[in-house]
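Overview (structure and organization)
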Amino acid sequence: MRRPTRIAMAGAFVLAASALGGGVVAQTPTAVDPPHPAHIHVGLCPEPGEVVFPLNDLVTGGDQMVGVSSAIAVEVSSTNVEAALADIVAGEHAINVHESAEAADVYIACGDIGGNMLGTADLAIGLAEQNGSGHHGVAWLHDNGDGTTRVDVVLLTGPAAAPGGSMPPASAAPGSPPAPGSPAPPEGSAPPAGSPMPPAPPEGSLMPPASVAP
Ligand SMILES: [Cu+2]
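Just so it is clear, the model here is predicted, and its values are computed rather than measured. (Residues numbered from 1 in each chain as written. Predicted model: local features only at pLDDT ≥ 70, side-chain atom pairs only at ≥ 80, totals over all residues.)

Before going further, it helps to spend a moment on the overall build of the protein. For the protein, the helix and strand inventory stands at two helices and eight strands. Going residue by residue from the N terminus, the α and β elements of the protein occur as α-β-β-β-α-β-β-β-β-β. Sorting the 214 residues of the protein into buried and exposed places 20% on the buried side. When contacts within the protein are restricted to residue pairs at least 6 apart in sequence, those whose partners lie at least 24 apart make up 48%. (Helix = DSSP H or I, 4+ residues; strand = E, 2+ residues; numbered from the N terminus. Buried ≥ 20, exposed ≤ 12 C-beta atoms within 10 Å, placed from the backbone. Contact = placed C-beta atoms within 7 Å.)

Now the structure itself:
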């Protein structure tokens, strides 16, 4: 029997509820957020200049839900830009994300393009929240080696992206998003002073005060 009983029962409930109330929404998708236009601009944040390369709109995924419902939703965009990464980083450029096609003058996230290369073909940058949008994220630029660069942009929506409400409020200061992929210190070792990512406290506990070097 492939279909779990629980889902069959839930379906029956929805049918019954629909018959009673009519128009019952069985599953509420992520809050409606319009597609966000994004571009590589000349100039720097927060007031970049002209568009030099358009990127595909940032959108949430399709309607097919997979995995657990407590997953944190993101908005994503992936584009192959007709320029080598070396050319993109040669001048002052920024990746800027706009509220919507209609409200393109409202900037919601922006990041200057630069920083430490990851190997020889990759560069990741942060995109800072703009105008209280509640959006911030990361752009990853990968040189394809053929004069094009793949630009992937991922935005988190909401300052405390915890749709399930099971996580404590984020304690990080604005502008300092957590660093995914940061190596955890070896077990038993104390984090070095100024470590950007102390070990996570047990869920529900308060953040321990950071040790201050004398
Ligand atoms: Cu733009």
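A few words on the sheet that holds strand S1 (residues 36-42). An order of S2-S1-S4-S5-S6-S7-S8-S3 is seen for the eight strands of this open sheet, with the pairing classed as antiparallel. In this open sheet, the two edge strands, each paired with only one partner strand, are strand S2 (51-58) and strand S3 (74-81). Sheet twist, expressed as the average angle between the axes of neighbouring strands with direction ignored, equals 20°. In terms of strand pairing, S3 meets strand S8 (residues 149-157) through eight bridges, oriented antiparallel. The partner of Val-74 across the bridge, within S8, is Leu-156. (Pairing = 2+ DSSP bridges. Axes fitted to C-alpha atoms, helices over the stretch in contact; angles between N-to-C directions.)

Turning to the environment of Gly-145, a few remarks are in order. Within the secondary structure, Gly-145 sits in the loop between strand S7 (135-143) and S8. Residue Gly-145 is classed as exposed on the basis of its 11 C-beta neighbours within 10 Å. Between the alpha carbons of Gly-145 and Leu-85 there is a distance of 8.8 Å; along the sequence they are 60 residues apart.

A few words on the nonpolar core. Core analysis: the largest hydrophobic core is formed by 24 residues, its most contacted members being Ile-95, Val-97, Leu-127, Ala-139, Val-153 and Leu-155. Of all elements in the fold, only S1, S2, helix H2 (85-90), strand S4 (93-98), strand S5 (107-112), strand S6 (122-129), S7 and S8 reach the threshold of two or more residues within this core. Apart from the residues lying within four places of it in its own chain, the contact partners of Ile-95 are Ala-38, Ile-40, Gly-111, Ile-113, Leu-127, Ala-139 and Val-153. (Core = buried A, V, L, I, M, F, W, Y, C linked by C-beta atoms within 7 Å.)

Attention now goes to the environment of Ile-40. Within the fold, Ile-40 resides in strand S1. The class for Ile-40 is buried, based on 23 C-beta atoms found within 10 Å. Ile-40 sits 41 residues away from Val-81 along the chain, and the two C-alpha atoms are 9.4 Å apart. With residues up to four places along the chain from it excluded, the contact list for Ile-40 reads Val-52, Phe-53, Leu-55, Val-81, Ile-88, His-93 and Ile-95.

The next point concerns unusual backbone geometry. In this chain, Cys-45 is followed by Pro-46 through a cis amide linkage whose omega measures 5°. Mapped onto the secondary structure, Pro-46 falls in the loop between S1 and S2. Phi is positive for Asn-131, which is not a glycine, with a value near 55°. Relative to the helices and strands, Asn-131 resides in the loop between S6 and S7.

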